[in-house]
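Working through the structure, step by step
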Amino acid sequence: MSLGRTLRYHAEVTLLGRAVLRIERLRSERKLARPRRHELFGPPLRSSARLKELISRHYLEGRHANGHRKVAWVTSGAPVEPLVALGYYLLYPENHGAVCGIRRMAEKLCGKAEAAGFSRDLCSYARTDLGSVLSGETPVGRLPRPDLLVCCTNICQTVLYWYRQLGEHFGVPVAVIDTPFLYREASDHALGYVERQIEASIAMAERVAGQSLDWRKLAEVTRLSKLGCELWMQVLEQGKHRPAPLSAFDAFIHMAPIVEMRGKASTVDYYAALLAEVRDRTAHGVGALRAERKRLVWDNLPIWPRMRWLSEHLAAEGAALVASTYTQAWGELAPLIDPLDPLRTGARVHLHPILNRGTRHKLETLVRMVTDYEADGVILHSDRSCKPYSLGQIDQRERLGAELGVPALLLEADHNDPRSFSEEQASTRLAAFMEMLRG
Ligand code: SF4
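Below or above, wherever it landed, is the structure these notes cover. Keep in mind the model is a prediction, meaning the values are calculated, not measured.

Of the regular secondary structure elements, the protein holds 19 helices and eight strands. Relative to the 2.2 N^0.38 estimate, which gives 22 Å for 439 residues, the radius of gyration of the protein is 21 Å and therefore close to what a compact globule would have. If one aligns the C-alpha atoms of the protein with their principal axes, the spans along those axes are about 70 × 50 × 50 Å. Within the protein, the proportion of its 439 residues that are buried is 56%. Looking at the protein alone, contacts between residues at least 24 apart form 79% of all its contacts between residues at least 6 apart. Of the accessible surface of the protein, which amounts to about 19000 Å², a share of 52% is contributed by carbon and sulfur atoms. Here the protein contributes 59 positively and 51 negatively charged side chains, and the mean placements of these two sets differ by 5 Å.

Written as structure tokens, this is what we have:
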């Protein structure tokens, strides 16, 4: 890379970009600190300003990454630590899809993918991403072109076909890590199978990067990943208090760094600060809602384009969403991570996500969360285009009622495509559900 390019990168990203984002953060912090009267919600989390800075910096680095460092696009459940240790910039199309959903661009981008022949039954993250790739439209300015694609099937098989499409489009290699589905604990055979694929993906990443992996660096990145996941889990566990100091809606937003910036010191610092703030709220009895009357657990991905509508709707009923299976997924595997054995434990960790296990495990997770968070009910988001997460929800609703006496509502929507959500229908169903909870 030329000296001029390096200087330009540092001037635009390291100096100017970071300075502008820091000023914006200070402005946001001042705004968040102003006393605000809101009938439904408690005071907003002050850390939101820092989160915005962190995410904006991540996408700013991405805009200037090509020509400066290698870029990998990765699935949310991929083993990323070797890539971080090799200096790759990482883009998570699923997270970018969520940003498009929140900024109300997903419908348009899904439409672009459908016009190119992709079925509306395909995952709306995939359609949003493919629509963005085909049209070049994104709310974050510009996405860096990938040098490598890394796809792990521990969340679904859809990602395999999605990443193959991306591989063909960009003409770059696709590293696939296939994970056998688990009904019980992982067998040695399954662990060995995944470990060998992680090794092969490292070899491919080394070839593309033109350098060898520094294994001491990998141990350090893995240590930071573990620490970040542990802190994230501790943040979520504060939701067990009454009133819950943060809601699952807060967690959906604040989970961004643990998904797309794992293995970094800045992520660990961020979650340490967030944990301190949330603990302080707990100590002072500050809730996410002004009046918490009922406590609910959420299952499945959020409905990104309607998060605000749903959070206000539930808050108006005094219903606090105190936990979700989705946000916990990035914290609960922390005990399995061993920085001194990154390959074997990498295989173990990437075999155990909730979506790579049977429906019995999902039910047990829900039962445990309802008990631990003292929830009065569960909302099972039946997600039209995420079939693996929505599998078995009708049985789960019945078992929650039969085993715990806890009612569950099946709410039909989609994580990113607003065309699959009807506010009118959702209002009616939520009203009836809340009526039932009030008894
Ligand atoms: S189908 Fe579900 S698990 Fe797969 S990428 Fe889409 S949202 Fe994620």
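Taken together, Cys-123, Tyr-125, Ile-155, Cys-156, Val-159, Trp-162, Leu-301, Leu-355, Ser-385, Cys-386 and His-415 make up the full set of residues near the ligand. Taken together, the residues of the shell around the ligand break down into nine nonpolar, two polar and no charged.

Ring pairs (aromatic) are described by centroid distance and by the angle formed between their planes. Enumeration over the complete set of coordinates arrives at eleven aromatic pairs. The interplanar angle of 65 degrees and the centroid separation of 5.6 Å between the aromatic rings of Trp-162 and Tyr-163 together place this pair among those described as edge-to-face. For the residue pair Trp-162 and Tyr-163, the accessibility class agrees, reading buried in each case. Between the aromatic rings of Phe-249 and Phe-252, the centroid separation amounts to 6.2 Å while the plane-to-plane angle is 80 degrees, which identifies the pairing as edge-to-face. On the criterion of helical spacing, the pair formed by Phe-249 and Phe-252 is a turn pair, its members being three residues apart in helix H10 (residues 248-254). You can call Phe-249 buried: its relative accessible area is 12%. Relative accessible area serves as the criterion here: at 2%, Phe-252 is assigned to the buried category. For the cation-ring pair, Lys-240 lies above Tyr-373, with the distance from its terminal atom to the ring centre recorded as 5.6 Å.

Attention now moves to the packing of helix H8 (residues 188-209) against helix H15 (residues 342-351). Following both chains from N to C, one finds H8 and H15 inclined at 110 degrees, their axes separated by 8 Å at the closest point. By the angle between their axes, H8 is roughly perpendicular relative to H15. Between H8 and H15 lies a crossing whose hand is right-handed. Residues Asp-188, Ala-190, Leu-191, Gly-192, Val-194, Glu-195, Ile-198, Glu-199 and Ile-202 of H8 touch H15, and the partners they reach there are Leu-343, Arg-344, Gly-346, Ala-347, Arg-348 and Leu-351. Partitioned by chemical class, the residues of the contact of H8 with H15 number eight nonpolar, two polar and five charged.

Looking now at helix H13 (residues 307-316). With respect to burial, H13 is a largely interior element, seven of its ten residues being buried. Within the span of H13, buried status applies to Met-307, Trp-309, Leu-310, Ser-311, His-313, Leu-314 and Ala-315. Packing partners of the buried residues in H13 comprise H10, strand S5 (294-299), strand S6 (319-324), strand S7 (377-383) and helix H19 (423-438). One or two residues past the end of H13 sits Gly-318, with phi positive at roughly 75 degrees.

Here we come to the pattern of salt bridges. Under the counting rule described, the total for this entry stands at 21 salt bridges. A salt bridge links Arg-438 to Glu-317; the nearest nitrogen and oxygen atoms lie 3.1 Å apart. Remark: Glu-317 occurs in the loop between H13 and S6 and Arg-438 occurs in helix H19; sequence separation between them is 121 residues. Where Arg-419 meets Asp-417, a salt bridge forms, and the shortest distance between an N and an O atom there is 2.8 Å. For Arg-419, a relative accessible area of 32% gives the class partly exposed. Counted as one network, the salt bridges with shared partners bring together Glu-114, Arg-120, Arg-127, Asp-417 and Arg-419.

A two-sided burial pattern is seen for strand S1 (residues 71-74), the buried positions comprising Val-71 and Trp-73 on one face and Ala-72 and Val-74 on the other. Examined bridge by bridge, S1 and strand S2 (residues 89-91) share three bridges and lie parallel to one another. What sits directly across from Trp-73, in S2, is Leu-91. Bridge count for S1 against strand S3 (residues 148-152) is three bridges, and the pairing is parallel. When the bridges of S3 are listed, Ala-72 appears paired with Leu-148.

With that out of the way, let us pick up the sheet that holds S2. The strands that make up a sheet are held in pairs by hydrogen bonds between backbone atoms, and each pair lies either parallel or antiparallel. Strand order in the open sheet formed by four strands is S2-S1-S3-S4, with parallel pairing between adjacent strands. In this open sheet, the two strands that pair with only one neighbour each are S2 and strand S4 (174-177). Each strand axis lies, on average, 25 degrees off the axis of its neighbour in the sheet, ignoring direction. Each of S1, S3 and S4 is contacted by helix H7 (residues 158-170), which is oriented at about 170 degrees to S3, the strand it contacts most.

Taken together, the side chains of Leu-15, Leu-16 and Val-20 define a hydrophobic patch exposed on the protein surface, amounting to about 300 Å² of accessible area. In this structure, Val-20 sits in helix H1 (residues 3-33). A relative accessible area of 40% places Val-20 in the partly exposed class.

Calculation notes
- Residues numbered from 1 in each chain as written.
- Predicted model: local features only at pLDDT ≥ 70, side-chain atom pairs only at ≥ 80, totals over all residues.
- Heavy atoms only, no water.
- Helix = DSSP H or I, 4+ residues; strand = E, 2+ residues; numbered from the N terminus.
- Rg over C-alpha atoms; globule rule 2.2 N^0.38 Å.
- Buried < 20%, exposed > 50% of the residue type's maximum accessible area, 1.4 Å probe, protein only.
- Contact = heavy atoms within 4.5 Å.
- Areas by Shrake-Rupley, 256 points an atom, 1.4 Å probe, with all protein chains shown as cover.
- Lys, Arg positive; Asp, Glu negative; His and termini not counted.
- Charge placed at Lys NZ, Arg CZ, Asp CG, Glu CD.
- Near = heavy atom within 4 Å.
- Nonpolar A, V, L, I, M, F, W, Y, C, P; charged D, E, K, R; others polar.
- Phe/Tyr/Trp six-rings, centres within 6.5 Å; stacked < 30°, edge-to-face > 60°.
- Lys NZ or Arg CZ within 6 Å of the ring centre and 35° of its normal.
- Axes fitted to C-alpha atoms, helices over the stretch in contact; angles between N-to-C directions.
- Parallel < 35°, antiparallel > 145°, perpendicular 65-115°, else oblique.
- Left-handed = near helix turned anticlockwise from the far one by under 90°.
- Salt bridge = Lys/Arg side-chain N within 4 Å of Asp/Glu carboxyl O.
- Pairing = 2+ DSSP bridges.
- Patch = residues over 30% accessible without salt bridge, like charges linked within 9 Å, V, L, I, M, F, W, Y side chains within 5 Å.

Read these as geometric descriptors, not functional statements.
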